[in-house]
Amino acid sequence: MKLVLQRVTSASVSINKEKFSDINRGILVFFCAEKGDDESQAYFLADKTLNLRIFSDDRGKMNFSCVDVGGDILVVSQFTLAGDCSRGRRPGFYKAADSDTAQKLYQYYVELLIKSGLKVGMGKFAADMKVELINDGPVTFFLER
């Protein structure tokens, strides 16, 4: 399972030129399930997403988590994170989980985040989405499990 976390001041997802979901200060998560992934990885990464200290204190040190600051989270499925670009000129997606498995893991991960009580938005699984964000910092992390 692979995630890209971006600390944002705002982020939104539009589908067919209509806003589908949006958040204010918090984390934009790009989510990718790969073959062999299961709920234990989703659980680990949901906990990491909620509790990773990537928000600054009054001294500019990253000492606060999304939970600590009451931030929002927007989760967007992005199977292209499983793309293998090591050969040729077209990415290979053989590492990506099948659609049914990926969707179940995506939904499970989101449900775990929702249990935190934070505002959690979602993209639409397997849709053609336009994602807008204002990256705060910029602060971006790649998580893998």
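**Focus: the packing of aromatic side chains**
For any pair of aromatic rings, the description consists of the separation of the ring centres together with the inter-plane angle of the planes. Within this structure, the stated rule accounts for four aromatic pairs. Judged by centre distance (5.2 Å) and plane angle (40°), the rings of Phe31 and Tyr109 are tilted. Taken as a pair, Phe31 in strand 3 (residues 26–32) and Tyr109 in helix 3 (residues 99–114) lie far apart in primary sequence, 78 residues in all. Judged by its relative accessible area of 3%, Phe31 falls in the buried class.

**Some remarks on the nonpolar core**
Counting 28 residues, the largest nonpolar core has Leu3, Val29, Phe31, Ile73, Val75, Tyr109 and Leu113 as the members making the most contacts within it. Those residues within four positions of Tyr109 in sequence are excluded, and the remaining contacts are Leu3, Val29, Phe31, Ala42, Leu45, Ala46, Thr49 and Val75. Counting residues in hydrophobic clusters, the runner-up holds 15 residues, among them Val8, Val13, Leu81 and Ala96.

**Topic: the pattern of salt bridges**
Scanning the model with the defined rule gives four salt bridges in all. In this structure, the salt-bridge partner of Lys2 is Glu34, at a minimum N-O distance of 3.6 Å. Of this pair, Lys2 sits in strand 1 (residues 2–15) while Glu34 sits in the loop between strand 3 and helix 1 (39–51), and the two are 32 residues apart along the sequence. Close ionic contact of Asp136 with Arg7 constitutes a salt bridge, the shortest N to O distance being 3.3 Å. Residue Asp136 is located in strand 8 (residues 130–144), and its partner Arg7 is located in strand 1; the two are separated by 129 residues in the primary sequence. Look at Asp136 and you get partly exposed, because its relative accessible area is 25%. A relative accessible area of 8% means that Arg7 is categorised as buried.

**With respect to helix 3**
Counted at 1.5 Å a residue, the expected span for helix 3 with its 16 residues is 22 Å, and the 22 Å between its end C-alpha atoms agrees. Residues of helix 3 that are buried include every one of Ala102, Leu105, Tyr106, Tyr109, Val110, Leu112 and Leu113, and no others. Within helix 3, the buried residues cover an arc of 155° as seen down the axis, which keeps them to one side. Relative to its buried face, helix 3 has exposed residues pointing more than 90 degrees away, namely Asp100 and Lys104. Tucked into the core, helix 3 has its buried residues touching strand 1, strand 3, helix 1, strand 6 (72–77) and strand 7 (120–122). The N-cap residue of helix 3 is Asp98: its side-chain oxygen and the backbone nitrogen of Asp100 are 3.2 Å apart.

Rules used in this analysis
Residues numbered from 1 in each chain as written. Predicted model: local features only at pLDDT ≥ 70, side-chain atom pairs only at ≥ 80, totals over all residues. Heavy atoms only, no water. Phe/Tyr/Trp six-rings, centres within 6.5 Å; stacked < 30°, edge-to-face > 60°. Helix = DSSP H or I, 4+ residues; strand = E, 2+ residues; numbered from the N terminus. Buried < 20%, exposed > 50% of the residue type's maximum accessible area, 1.4 Å probe, protein only. Core = buried A, V, L, I, M, F, W, Y, C linked by side-chain atoms within 4.5 Å. Contact = heavy atoms within 4.5 Å. Salt bridge = Lys/Arg side-chain N within 4 Å of Asp/Glu carboxyl O. Expected span 1.5 Å × (residues − 1). Arc of directions from axis to C-beta. Polar contact = N/O pair within 3.5 Å; in protein donor to acceptor, adjacent residues only side chain to side chain.

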